[in-house]
Amino acid sequence: MSYAEAMKRLEEIVAALEAGGTDLDETLKLFEEGSKLLKSCQKELTEAEGKVEKLRLEDVD
Amino acid sequence: MAGEAVEVGQFVALARSALVNEPYLSNAAIIGELTKFTLARSGHTYFTLTDNKGSIDCVQFGGNDSFISQDIKEGMKLIAIGGIDVYVKTGRMQFKSLRIQPVKSIGELEKTRQELIQKWREDGTMERPRKTAPLIPKNLHIITGADSAALADMERLIADRWPNFSYTVIPVLVQGNEAPKQIVRAINYAQENADLIIVGRGGGSPEDLWSFNLESVCQAIIESKVPVVSAVGHESDYMVSDMIADIRASTPSNAIERVIPIKDDLVAMIAQAEDRLDFAIDKLFSRRNEIISNLILRLRAAPMRGISNAKLGQSKISSRMNSAVERFFMIQKNRHIGFDSILNSTNPTRVLERGYSMAVDKDGNPITSIVGLKQGDPLTVVLKDGEVQTEVKS
């Protein structure tokens, strides 16, 4: 799943949670999925940041 | 006395030998007006040259052709080249001419000059493309009078402008009958090695300068493979050579000023050009550097902005999710609290506390109806502070 797709799914999950109307099981399931997606997105972002720093050091300075 | 007398023939022969052995007389060029002449059948020419101080009979053996071809007429000024001789038989002194040359008057010379200019105007020679002098001549040849003032001026000026400048001098006669031939020969010789030729002389009478109006000299200049500078006389002298040369200098000194650069100026010019080039390159690079460092800054900031935006988005969504879930649990908890209080209010033990008791069967289930009860069934009665065992009596 790409970063954009993951963020889109996350948006859906949060919107569903915010709307309420989900039962406990569903809430837990959505929260778990959301947390996982968030974690993977954060990881991807941190990696991207690291890559930019590295490129800076290699090519620019 | 008779014994001491010399025979006439012997005397004249002696006189002749004395004269012809005198170098100044035996090898001379004489100039005078042609007062009379005879073209003999034999082909020999007999003529007389005269001026206001003297006169001499002349003979040129086989001279008729020369007189005819040069269109010699009585009254012309002639130069006869040859030597003195005495015709022993008659004792008559005469000049034995080998070559004659008419001396043209300035008027005649000027006419020839105008004709030459006219001819070269018409055939396009005057307007032909000129060769340009090299910036720094590597093999300059100067054709001028040996030990002349003009040469001294030029040499001094060269040394001033460019110390130790190397060049070649070809000394020639610049006036007189031999001058044109020598100048032509020098021009033809010089162009084998030279990359620039200066031909000229200092000031003088129109007759002195006339070589530079002659077709032969000018033709050699026109045909030269290397550029020729004409540098004749003073500023006011305007020769045909000046008109047809690649470069016209007003004087010999002016020729040097026109073709030999001042070394120090050239060096300074090169240094200046170098500075300007350096400056231009520096400027170019610093401008490029500026653009690049600007781009670097922007490039550095750009992905970070994207990343920080993404981070912001993530933290927003994360907090939204957390608060949604928290709210969910809060709602659930609140419902629990409600249930709890209801449950609490309906707890049977509370009823017991108010003085009621409750009968339960052996499994602990409350007995709420008499239906299904038989005589002798065991009952447990639950009271506020304990249980008692009993049984159904009726």
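Refer to the structure printed above.
Here's what I pulled together on the structure shown here. (Residues numbered from 1 in each chain as written. Chains lettered and ligands numbered in written order. Predicted model: local features only at pLDDT ≥ 70, side-chain atom pairs only at ≥ 80, totals over all residues.)

**Let's talk about the overall build of chain B**
When you go through chain B residue by residue, the secondary structure sums to twelve helices and 13 strands. Sorting the 394 residues of chain B into buried and exposed places 21% on the buried side. (Helix = DSSP H or I, 4+ residues; strand = E, 2+ residues; numbered from the N terminus. Buried ≥ 20, exposed ≤ 12 C-beta atoms within 10 Å, placed from the backbone.)

**Description of the overall build of chain A**
The helix and strand inventory of chain A stands at two helices and zero strands. Counting across all 61 residues of chain A, residues that qualify as buried make up 16%.

**Topic: helix α10 (residues 252-259) of chain B**
Think of an α-helix as turning once every 3.6 residues; residues three or four places apart then point the same way. Residue and element names in this part refer to chain B. For α10, every residue scored as buried is listed here: P252, A255, I256 and V259. Across the axial projection of α10, the buried residues extend over an arc of 95°, all falling on one side. Contacts from the buried residues of α10 go to β6 (140-144), α5 (149-161), β8 (196-201), β9 (228-232) and β10 (247-249). (Arc of directions from axis to C-beta. Contact = placed C-beta atoms within 7 Å.)

**What about the nonpolar core?**
I143, I183, I187, I197, I198, I221 and V229 of chain B are the most contacted members of the largest nonpolar core, which has 44 residues in total. Excluding residues within four positions of it along the chain, I143 of chain B makes contact with I170, V172, I183, A186, I187, A190, I197, I198 and V199 of chain B. L10, I13 and V14 of chain A together with I317 of chain B belong to the second-largest nonpolar core, a separate cluster that totals 14 residues. (Core = buried A, V, L, I, M, F, W, Y, C linked by C-beta atoms within 7 Å.)

**Here we look at the environment of R113 of chain B**
All names here are of chain B. Looking at the secondary structure, you find R113 in helix α4 (residues 106-122). Residue R113 is classed as partly exposed on the basis of its 18 C-beta neighbours within 10 Å. Not counting residues within four places of it along the chain, the set of residues in contact with R113 comprises N213 and V240.

**Focus on the environment of R99 of chain B**
Residues and elements named next belong to chain B. Among the structural elements, R99 can be located in strand β5 (residues 92-103). Take R99: there are 13 C-beta atoms within 10 Å of it, and that puts it in the partly exposed class. For the pair formed by R99 and A80, sequence separation is 19 residues and the distance between their alpha carbons is 5.9 Å.

**With respect to the sheet that holds strand β12 (residues 378-383) of chain B**
Residues and elements named next belong to chain B. Taken in spatial order, the three strands make up an open sheet running β11-β12-β13, and their pairing is antiparallel. Here the strands that pair on one side only, and so sit at the sheet edges, are β11 (358-360) and β13 (386-391). Taking each pair of neighbouring strands and ignoring which way they run, the sheet shows an average axis angle of 30°. Pairing of β12 with β13 involves six bridges; the strand directions are antiparallel. Pairing of V382 across the sheet is with E387, part of β13. (Pairing = 2+ DSSP bridges. Axes fitted to C-alpha atoms, helices over the stretch in contact; angles between N-to-C directions.)

**Observations regarding α4 of chain B**
The terminal C-alpha atoms of α4 of chain B lie 24 Å apart, and with 17 residues this matches the ideal 24 Å at 1.5 Å per residue to within 8%. Burial runs low along α4 of chain B: only one of the 17 residues are buried. (Expected span 1.5 Å × (residues − 1).)

**Quick notes on the sheet that holds strand β7 (residues 167-171) of chain B**
Residue and element names in this part refer to chain B. The five strands lie next to each other as β7-β6-β8-β9-β10, forming an open sheet whose pairing is parallel. Across the chains shown, the open sheet's two edge strands, defined by having one partner strand only, are β7 and β10. Here the strands of the sheet are splayed against their neighbours by 20° on average, with no regard to which way each runs. Of the pairings in the sheet, the one linking β8 to β9 comprises five bridges and is parallel in character. Each residue of the ladder has a partner; that of R201, found in β9, is V232. Set on the sheet, α5 makes contact with β6, β7 and β8; between it and β6 the angle comes to about 155°.

**Topic: the pairing of strand β4 (residues 77-87) of chain B**
All names here are of chain B. In this sheet, β4 lies alongside strand β1 (residues 28-39) in antiparallel orientation, the contact comprising six bridges. Residue pairing for β4: A29 is matched across the bridge by I81. Bridge count for β4 against β5 is eleven bridges, and the pairing is antiparallel. Counted as the bridge partner of G83 is K96 from β5.

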